[in-house]
Amino acid sequence: MRRYPDVVIRATDGRGNIRLAGIDHDPTLTHAGEFRRELDLERGNQISAGGRLVHFTFTNNQTRDYDAFVASMDEVRRALGRRRAPRERTGETARRVDLERRDVWERFVRGSFRL
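Residues numbered from 1 in each chain as written. Predicted model: local features only at pLDDT ≥ 70, side-chain atom pairs only at ≥ 80, totals over all residues. Heavy atoms only, no water.

Engineer: Quick question: what am I supposed to make of the nonpolar core here?
Structural biologist: A general feature of soluble globular proteins is that nonpolar side chains tend to end up buried together. A11, A21, I23, F56, F58, V76, A79 and L80 together form the largest nonpolar core, which totals 8 residues. Breaking this core down by element, the ones donating at least two residues are β2 (18-25), β3 (53-58) and α3 (66-79). (Core = buried A, V, L, I, M, F, W, Y, C linked by side-chain atoms within 4.5 Å. Buried < 20%, exposed > 50% of the residue type's maximum accessible area, 1.4 Å probe, protein only. Helix = DSSP H or I, 4+ residues; strand = E, 2+ residues; numbered from the N terminus.)

Structure representation (structure tokens):
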């Protein structure tokens, strides 16, 4: 059986190699017990067995918390061979960029949860 992640991101690294990251959102990783947990792990293994794809599964806890979400997306960025965009680390520009990123997360990620 062929499995597909919820989202696939494709990027080309500095050498022209294609890198793929597959992302699944699993609201409660352990679902309703051991049987369901085993199915989830099996699905992840089937996705990863495809070869060039690095597979990630993120839970509600990782997406509801902004700092955890940023750390998770940083892992995806690294798997895709992307460097962090250089930018001013201090000052008004850095503060504005951070506020804009958090605003996007608030509206599109956190806003999708019923808290």
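Engineer: Just to check I follow, could you spell out the pairing of β2 for this structure?
Structural biologist: Side-chain direction in a regular strand flips from residue to residue, so the side chains alternate between the two faces of the sheet. Two elements, strand β1 (residues 7-12) and β2, share 6 bridges in a ladder whose sense is antiparallel. Looking across to β2, one finds that A11 is bridged to R19. Two elements, β2 and β3, share 6 bridges in a ladder whose sense is parallel. Its bridge partner lying in β3, A21 is registered against V54. (Pairing = 2+ DSSP bridges.)

Engineer: Mind showing me how you'd approach the pattern of salt bridges here?
Structural biologist: A side chain with one charge may pair with a side chain of the opposite charge, provided their charged atoms come close. Applying the stated criterion across every chain yields a total of 7 salt bridges. Among the ionic pairs, E92 bridges to R95, the shortest N-O distance being 3.4 Å. Note that E92 and R95 are positioned in helix α4 (residues 91-108) at a spacing of 3 residues, about one turn of the helix. R95 gets classed as partly exposed once you look at its relative accessible area, which sits at 45%. The partner of R107 in a salt bridge is D103, with the nearest N and O atoms 3.2 Å apart. Note that R107 and D103 are positioned in helix α4 at a spacing of 4 residues, about one turn of the helix. Look at R107 and you get partly exposed, because its relative accessible area is 49%. Beyond isolated ion pairs, a larger network of salt bridges with shared partners links D74, E75, R77 and R78. (Salt bridge = Lys/Arg side-chain N within 4 Å of Asp/Glu carboxyl O.)

Engineer: Please clarify how the confidence of the model for the protein chain should be interpreted in this entry.
Structural biologist: In low-pLDDT segments, the atomic positions of the prediction should not be examined closely. Confidence along the protein chain averages 78 in pLDDT terms, with 70% of residues attaining 70 or more. The weakest mean pLDDT in the protein chain belongs to helix α1 (residues 34-48) at 63; the strongest belongs to β1 at 91. (pLDDT = per-residue confidence, 0-100.)

Engineer: In this structure, what is going on with the sheet that holds β1? I would like to understand it.
Structural biologist: Two strands in a sheet stick together by hydrogen bonds in their backbones, pointing the same way (parallel) or opposite ways (antiparallel). Overall, mixed pairing links the 3 strands, which are arranged β1-β2-β3 in an open sheet. Of all strands in the sheet, those with a lone pairing partner are β1 and β3, marking the two edges. Within this sheet the neighbouring strands show an average axis-to-axis angle of 20 degrees, counted without direction. In the packing of α3 onto the sheet, the strands contacted are β1, β2 and β3, and the crossing angle to β3 comes to about 175 degrees. (Axes fitted to C-alpha atoms, helices over the stretch in contact; angles between N-to-C directions. Contact = heavy atoms within 4.5 Å.)

Engineer: Help me understand the packing of aromatic side chains, please; the structure alone is not making it clear to me.
Structural biologist: The geometry of an aromatic ring pair is captured by two quantities: the separation of the ring centres and the angle between the planes. All told, the structure shown has 2 aromatic pairs when counted by the stated rule. Ring geometry for F56 versus F58: centroids 5.8 Å apart, planes at 15 degrees, classification stacked. F56 gets classed as buried once you look at its relative accessible area, which sits at 13%. A relative accessible area of 6% places F58 in the buried class. Considering the side-chain rings of Y66 and W105, the 5.2 Å spacing of their centres and the 65 degrees angle between planes classify their relative orientation as edge-to-face. Linking Y66 in helix α3 with W105 in helix α4, this pair joins segments that are 39 residues apart in sequence. The pair Y66 / W105 is uniform in exposure class, with both members buried. (Phe/Tyr/Trp six-rings, centres within 6.5 Å; stacked < 30°, edge-to-face > 60°.)

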